[in-house]
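These are the residues of each chain, in order.
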2 protein chains.
Amino acid sequence: MKAIGFKTSLAIKEKDSFIAFETQKPEPKGKDILVKIAAVSVNPVDYKVRQNSAKDTVLKTPKIIGWDAVGTVVAVGNEVTLFKTGDQVFYAGDITRSGSNAEYQLVDERIVGRRPEGLTPEEAAAMPLTSLTAWEILFDRMRISAEKDKGKSILMIGGAGGVGSIAIQLAKKIAGLNVIVTASRPETTEWCKEMGADVVVNHKDLLNQMKEAGYPQVDFILDFVNTNSYWDKMVELIKPQGHIASITGSADPVVLNDLKTKSVSFSWEFMFTRPMFQTEDMIAQHHILNKVAALLENGTLKSTLTNTLNGLTVENLKDAHALLESGKAIGKTVIKF
Amino acid sequence: MKAIGFKTSLAIKEKDSFIAFETQKPEPKGKDILVKIAAVSVNPVDYKVRQNSAKDTVLKTPKIIGWDAVGTVVAVGNEVTLFKTGDQVFYAGDITRSGSNAEYQLVDERIVGRRPEGLTPEEAAAMPLTSLTAWEILFDRMRISAEKDKGKSILMIGGAGGVGSIAIQLAKKIAGLNVIVTASRPETTEWCKEMGADVVVNHKDLLNQMKEAGYPQVDFILDFVNTNSYWDKMVELIKPQGHIASITGSADPVVLNDLKTKSVSFSWEFMFTRPMFQTEDMIAQHHILNKVAALLENGTLKSTLTNTLNGLTVENLKDAHALLESGKAIGKTVIKF
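The name an unreviewed UniProt entry assigns to chain A is Zinc-type alcohol dehydrogenase-like protein, from the organism Zhouia amylolytica AD3. Note on chain A: under the UniProt heading Sequence similarities (unreviewed entry), the record states "Belongs to the zinc-containing alcohol dehydrogenase family. Quinone oxidoreductase subfamily."

Enquirer: I keep staring at the overall build of chain A and nothing clicks. Help me out?
Expert: Scanning chain A from terminus to terminus reveals eleven helices and 15 strands. By principal-axis analysis of the C-alpha atoms, chain A measures approximately 55 × 40 × 35 Å. For chain A, buried positions account for 58% of its 337 residues. Of the roughly 13100 Å² of accessible surface on chain A, a fraction of 49% belongs to carbon and sulfur atoms.

Enquirer: Mind showing me how you'd approach helix H10 (residues 284-297) of chain B here?
Expert: Residues and elements named next belong to chain B. Between its terminal C-alpha atoms H10 stretches 20 Å, which fits the 20 Å expected from 14 residues at 1.5 Å a residue. For H10, the complete set of buried residues consists of Ala-284, Gln-285, His-286, Ile-288, Leu-289, Val-292, Ala-293, Leu-295 and Leu-296. Backbone geometry just after H10 places Gly-299 at a positive phi near 85°.

Enquirer: Help me understand the relation of the copies chain B and chain A in this model?
Expert: Superposing the two chain copies requires a rotation about an axis and a translation along that axis. Expressed as a screw operation, the relation of chain B to chain A combines 0.0 Å of axial shift with a rotation of 180°, fitting to an RMSD of 0.0 Å. On this basis, the relationship between the two copies can be described by a two-fold rotation axis. Residue by residue, 100% of the interface of chain B is reproduced at the interface of chain A, so both copies engage with the same surface.

Enquirer: So what exactly am I meant to see when it comes to helix H1 (residues 44-52) of chain B here?
Expert: Residues three or four positions apart in an α-helix share a direction because the helix packs 3.6 residues into each turn. Of all the residues in H1(B), the buried ones are Val45(B), Asp46(B), Tyr47(B), Val49(B) and Arg50(B). Contacts made by the buried residues of H1(B) are with strand E3 (32-41), helix H3 (128-141) and helix H11 (314-325) of chain B.

Enquirer: What am I meant to see in the UniProt feature "domain: Enoyl reductase (ER)" (unreviewed entry) in chain A here?
Expert: As recorded in UniProt, the feature "domain: Enoyl reductase (ER)" (unreviewed entry) lies at residues 13-335 of chain A. End-to-end, the C-alpha atoms of residues 13-335 of chain A are 19 Å apart, and along that stretch the chain is 32% helix and 24% strand.

Enquirer: Hey, could you run me through the sheet that holds strand E8 (residues 153-157) of chain A in this one?
Expert: Remark on secondary structure: sheet strands pair via backbone hydrogen bonds, oriented parallel or antiparallel. Overall, mixed pairing links the twelve strands, which are arranged E10(A)-E9(A)-E8(A)-E11(A)-E12(A)-E13(A)-E13(B)-E12(B)-E11(B)-E8(B)-E9(B)-E10(B) in an open sheet. For this open sheet the edge positions go to strand E10 (199-201) of chain A together with strand E10 (199-201) of chain B, each flanked by a neighbour on one side alone. For this sheet, the mean angle separating the axes of adjacent strands, direction not counted, is 15°. When E8(A) meets strand E11 (residues 218-223) of chain A, the two strands line up parallel, connected through four bridges. Looking across to E11(A), one finds that Met156(A) is bridged to Leu222(A). In the packing of H3(B) onto the sheet, the strands contacted are strand E12 (238-246) and strand E13 (265-268) of chain A together with strand E8 (153-157), strand E11 (218-223), strand E12 (238-246) and strand E13 (265-268) of chain B, and the crossing angle to E12(B) comes to about 140°.

Enquirer: Got a minute to help me understand the interface of chain B and chain A in this structure?
Expert: A common way to report how large an interface is uses the accessible area buried once the components associate. Residue-level contacts link 40 residues of chain B with 40 residues of chain A. For the pair chain B and chain A, the summed buried area comes to about 3200 Å², and 53% of that belongs to carbon and sulfur atoms. Contact with chain A buries surface across chain B, with Arg143(B), Gln241(B) and Trp268(B) losing the most and accounting together for 24% of the total. Where Asp149(B) meets Arg143(A), a salt bridge forms, and the shortest distance between an N and an O atom there is 2.7 Å. Where chain B packs against chain A, one counts 25 residue pairs in polar contact (both at pLDDT 80 or more). Broken down by secondary-structure element, the contributors of at least two residues to the side of chain B that touches chain A are H3, helix H4 (146-149), E12, E13 and helix H9 (273-277) of chain B. Where E13(A) meets E13(B), three bridges bridge the pair, whose relative direction is antiparallel.

Enquirer: Explanation requested: the domain arrangement of chain A in the structure shown.
Expert: All names here are of chain A. Segmentation of chain A into domains returns domain 1 (2-127 + 273-336) and domain 2 (130-268). Counting residues at the interface gives 22 residues for domain 1 and 22 residues for domain 2. Between domain 1 and domain 2 lies a buried interface of about 1900 Å² when both sides are counted; carbon and sulfur atoms form 63% of it. The three residues of domain 1 that bury the most area against domain 2 are Ile-288, Lys-302 and Ile-330, which together make up 26% of that side's buried surface. The tally of links between domain 1 and domain 2 comes to two salt bridges. The salt bridge involving Glu-136 is made with Arg-274; its shortest N-O contact spans 2.8 Å.

What counts and how
Residues numbered from 1 in each chain as written. Chains lettered and ligands numbered in written order. Predicted model: local features only at pLDDT ≥ 70, side-chain atom pairs only at ≥ 80, totals over all residues. Heavy atoms only, no water. UniProt positions renumbered as here; feature names shortened; annotations may be inferred. Helix = DSSP H or I, 4+ residues; strand = E, 2+ residues; numbered from the N terminus. Buried < 20%, exposed > 50% of the residue type's maximum accessible area, 1.4 Å probe, protein only. Areas by Shrake-Rupley, 256 points an atom, 1.4 Å probe, with all protein chains shown as cover. Expected span 1.5 Å × (residues − 1). Least-squares fit on C-alpha atoms with pLDDT ≥ 70 in both. Contact = heavy atoms within 4.5 Å. Pairing = 2+ DSSP bridges. Axes fitted to C-alpha atoms, helices over the stretch in contact; angles between N-to-C directions. Buried area = accessible area lost by both parts, 1.4 Å probe. Salt bridge = Lys/Arg side-chain N within 4 Å of Asp/Glu carboxyl O. Polar contact = N/O pair within 3.5 Å; in protein donor to acceptor, adjacent residues only side chain to side chain. Domains from an automatic or database assignment.

Next up, the structure:
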């Protein structure tokens, strides 16, 4: 089968930052299904892995990355019960395994959902990784529920990216929160409002802008940009008994004690925790994806697709990574095979 | 009225670490009730405030501390709706206001519960601050529910103290968790089992003891000892998607990123957050105390009282603080007026 990968970590503009190659089509065992891929999307995790996983080394066989796909089940392992050959599926996958930048991919059925009907392959391919991340952060990590939290306020730092675009929708439509997001350019501001944000503030003057918007403090904060650089501002902006969560990681230690007097909570969300640790509840991702599919089908949620590239080519992957690395991406970029 | 306080922060063995004095009996306004106190308990926060709030200074009037009391309502402010003169109440109070080491005390009705019937004043006085702390950490900060979490595991570091003693009971009886606690002496081990702990491990060899007990990792961890010194062990012992919470504060920054790959959450609990910030939901403490009263009355929970001193005297307060400062206290010490 055809695949695209890399043997060494190179800047995206270098000739061999991605290479096309032929490799054996894999066969499914156990709970794995084999999917013939129709479209994939790119996420920041892709370029982080590309930049860091083969530094100062040359791999014998190219590494295939990419964690978001739509496709058709073409074979199933002997323990598979949720899907059969011919089913249309979408999924993010498992960062410890080979990715979706290939004609075929193996994936554990417990982290796969049925592809939403009525959406194009590219509209569907935009959704799995970011929807899982946003769903898990809001409902599994922070345990937000409409019943307890409707009408409370949430600030999202970095609203226009892939996770922000769907987190805005889930926070607004499913949890019933008042959603404030940061964005600084006219086009990102417009996009965040389109996704459902009630208020857009500029991150460059965040504390003042929040006061002026009538939200000197909020009940929840999601950090999609940088935990360390926003720590002091989040400490100030979070309400007593509030909850901060982040997907970014932090390079430096933090003064956790800053949150004590206010009894604040902090959560990390890493979408690959369930597959990576094979948690007992990893099938939760199957259920989340099916719920998201239903919400996309009935129009509650809309695809965050903004940009479609045609063909699984080295050039398209380079363009997609370069756009994400620029930090200017709005919504999601998809590559349609 | 008679009260006991201090004008300067002194070691507990110093003659004037506490002094008895006469002061004006206060009058209730607004939502305040005036309580004639029958018994108080002591908590670690008491000696921390005594040791630190009047360092290198001498206050003009003595500071009255103490945040736990049982008593009778003897007057009410003009906005009081929950209580009337003659009601028996119990409460922890507000750290920003004058404490309970006095004949009378003002307290906002929204953080007061009705005194449980069938318990002695000293049995009841042992409960408010620690019950509020344990209830808030489990059910408000971590959002644990029997429905979602029954059968999961919780480790409590420091099980035999005041908060541990009631947290064990709530985790076991209300949340349905498997409760593992640390204790190292025969008498603390015995006490923790009496409170309902399923497993007691020695903190000196924690990781190995947890493995041997069949709990190499747990779903929840409560730290009642020291966040910084247990950080690395908690990082190892927490399950993917687990939740750590602490009441201790941390003097040094922590490597929060250690929890990222496992998508772990961390919460602080500070019982005074609601009264200190006058949160919109501060009446939650009224409801929690009433629930705890009902659970004490029907025998689901039992008082954690272990030690009763008779009389509001300087000597008794010194003894009670010295015991807490030793770190060897089991359950709760109460002073009966």
